Amino acid sequence: MTAITAAPDAPSPLTQARWAVSDTLVITKRNLLVWMRVPAYIVFTVIQPVIFVLMFRYVFGGAIRVGVPGGYVNFLMPGIIAQTAAFATFGTAIALAQELQKGVIDRLRSMPMARSAVLAGRLVADTGRMTITILIVIGVGYAVGFRFENGVLPAIAMVALSIVFGVAIATIAAFTGLAIGDEESVQAFGLIWLFPLTFLSSAFVPIATMPGWLQAFANNQPVTYIVNTMRALALGGPIEANLLKSVAWLAGIFIVFAPLAVRAYRRAA
């Protein structure tokens with residue numbers, strides 16, 4: 001007689017979720033180790049925003065008049081922090097494009113692990129990297145005169161908002177990195193849209209100083225709403241209107257680009 005062996009039971013959804021989290025943490029650790037061992041990544045993600053702080057603080061700070069407590073350095077730092085969060089996503093797009101070109105993503109996906117772990121691990125690692133960079137930038141800002149004027153809880157909320165903003169931009173970066181798949185093209189594309197979006201906003205100068213035709217754009221784009229909310233949290237002032245618009249923009253970015261990033265990841269196989 002031939003023995004009949006029962007098929008093993010499929011793992012429960014809870015077990016599958018635990019495996020996915022475990023695999024994601026393994027990929028996260030791998031990505032963080034790569035970041036710490038490649039000096040170019042550290043220079044781009046940490047040293048560059050520090051240079052921006054020092055340059056704007058001491059080169060342009062004396063020429064720009066703003067009506068906020070503490071002067072230009074307090075006006076500047078929320079914008080620098082938002083820019084740091086956005087620019088940190090260059091690393092997301094470039095790393096995914098590199099790994100796609102070199103076949104690393106295919107090799108990882110061929111292993112017995114959750115298929116979502118590669119993309120999720122990249123985003124978690126880059127969120128951690130971005131958080132560290134933001135805290136370093138805040139420390140440098142304090143060294144050159146920046147101060148939170150609105151208490152501890154609003155300061156924490158400001159940092160949290162900047163991180164959520166960075167994660168939202170990271171979903172765009174993940175989509176472009178996987179969809180374009182070429183490191184140089186990804187870098188060029190990032191410069192085309194991300195630099196104008198951050199500089200043509202309220203991040204570094206009052207929008208009222210811009211030409212009228214440019215004010216229409218600067219007043220109605222997501223970076224301005226995010227920076228204005230962060231500035232109000234850091235220094236005090238009206239928050240609700242800009243916060244609601246910020247949440248709407250962030251939700252829209254996640255709704256549109258998170259599925260696009262997942263779709264591009266699936267097609268990258």
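A brief structural summary.

### Some words on helix α8 (residues 183–199)
Across its 17 residues, α8 extends 24 Å between first and last C-alpha, which sits within 8% of the 24 Å expected from 1.5 Å per residue. At L191, α8 shows its maximal bend, which comes to roughly 30°. Considered for burial, the residues of α8 that qualify are V186, G190, L194, L197 and T198.

### Focus on empty space enclosed by the protein
Per the counting criterion, the structure on display carries three cavities of 30 Å³ or more. In this structure, the largest cavity encloses a volume near 80 Å³. Along its surface, the largest cavity is lined by T89, F90, A93, I169, A173, T176, V186, F189, G190, W193 and L194. Of all elements in the fold, only α4 (89–102), α7 (152–180) and α8 reach the threshold of two or more residues within the lining of the largest cavity. Here the lining of the largest cavity gets five residues from one element, more than from any other, and that element is α8. Of the residues belonging to the lining of the largest cavity, the class tally is eight nonpolar, three polar and no charged.

### Focus on the packing of helix α3 (residues 72–87) against helix α6 (residues 117–143)
Running from N to C, α3 and α6 point in directions that differ by 155°, and their axes come no closer than 10 Å. By the angle between their directions, the pair α3 and α6 is classed as roughly antiparallel. α3 and α6 meet at a crossing whose hand is right-handed. On α6, the residues touching M77, I80, I81, T84 and A85 of α3 are M130, T133, I134, V137, I138 and G141. In the contact of α3 with α6, the residues fall into eight nonpolar, three polar and no charged.

### Let's talk about α7
Residue pairs three or four apart in sequence face the same way in an α-helix, which turns once every 3.6 residues. Between its first and last C-alpha atoms α7 spans 42 Å; for 29 residues at 1.5 Å apiece the expected length is 42 Å, and the two agree. Just beyond α7, the residue with positive phi is G181, at close to 75°.

### What to know about the packing of aromatic side chains
Enumeration according to the criterion identifies 14 aromatic pairs in this entry. Aromatic rings pair up to connect F52, F56, F87, F90, F195, F199 and F204 into one cluster. Over the aromatic face of F75 sits the side chain of R231, whose NZ or CZ is 3.7 Å from the ring centroid.

### As for the pattern of salt bridges
One pass over the full model with this rule turns up four salt bridges. In this structure, R122 and E99 form a salt bridge, with 3.4 Å as the shortest nitrogen-oxygen distance. Of the two residues, R122 is situated in helix α6 and E99 in helix α4; the sequence distance between them amounts to 23 residues. Residue R122 shares its accessibility class with E99, and that shared class is buried.

### As for the nonpolar core
As a rule of thumb, nonpolar side chains are buried together in soluble globular proteins. Judged by nonpolar contacts, the single largest core of 52 residues is most densely connected at Y72, I80, I81, I134 and F165. Mapped by element, the contributors of at least two residues to this core are α2 (39–60), α3, α4, α6, α7, α8, α10 (222–235) and α11 (240–267). At eleven residues, the largest contribution of residues to this core is made by α3. Aside from chain neighbours lying at most four places away, what touches I134 is I81, T84, A85, V159, S162 and I163. In terms of nonpolar packing, the next biggest core, distinct from the first, is built from 17 residues, L96, M113, A261 and A268 among them.

Thresholds, definitions, all that
Residues numbered from 1 in each chain as written. Predicted model: local features only at pLDDT ≥ 70, side-chain atom pairs only at ≥ 80, totals over all residues. Heavy atoms only, no water. Helix = DSSP H or I, 4+ residues; strand = E, 2+ residues; numbered from the N terminus. Expected span 1.5 Å × (residues − 1). Bend = angle between axes of the 7 residues up to and from the residue. Buried < 20%, exposed > 50% of the residue type's maximum accessible area, 1.4 Å probe, protein only. 1 Å grid on protein atoms, 1.4 Å probe; cavity = no way out; pocket = protein on both sides within 12 Å on 5 of 7 lines; lining within 4 Å. Points joined across faces, edges and corners; volume = space filled by probe spheres on them. Nonpolar A, V, L, I, M, F, W, Y, C, P; charged D, E, K, R; others polar. Axes fitted to C-alpha atoms, helices over the stretch in contact; angles between N-to-C directions. Parallel < 35°, antiparallel > 145°, perpendicular 65-115°, else oblique. Left-handed = near helix turned anticlockwise from the far one by under 90°. Contact = heavy atoms within 4.5 Å. Phe/Tyr/Trp six-rings, centres within 6.5 Å; stacked < 30°, edge-to-face > 60°. Lys NZ or Arg CZ within 6 Å of the ring centre and 35° of its normal. Salt bridge = Lys/Arg side-chain N within 4 Å of Asp/Glu carboxyl O. Core = buried A, V, L, I, M, F, W, Y, C linked by side-chain atoms within 4.5 Å.

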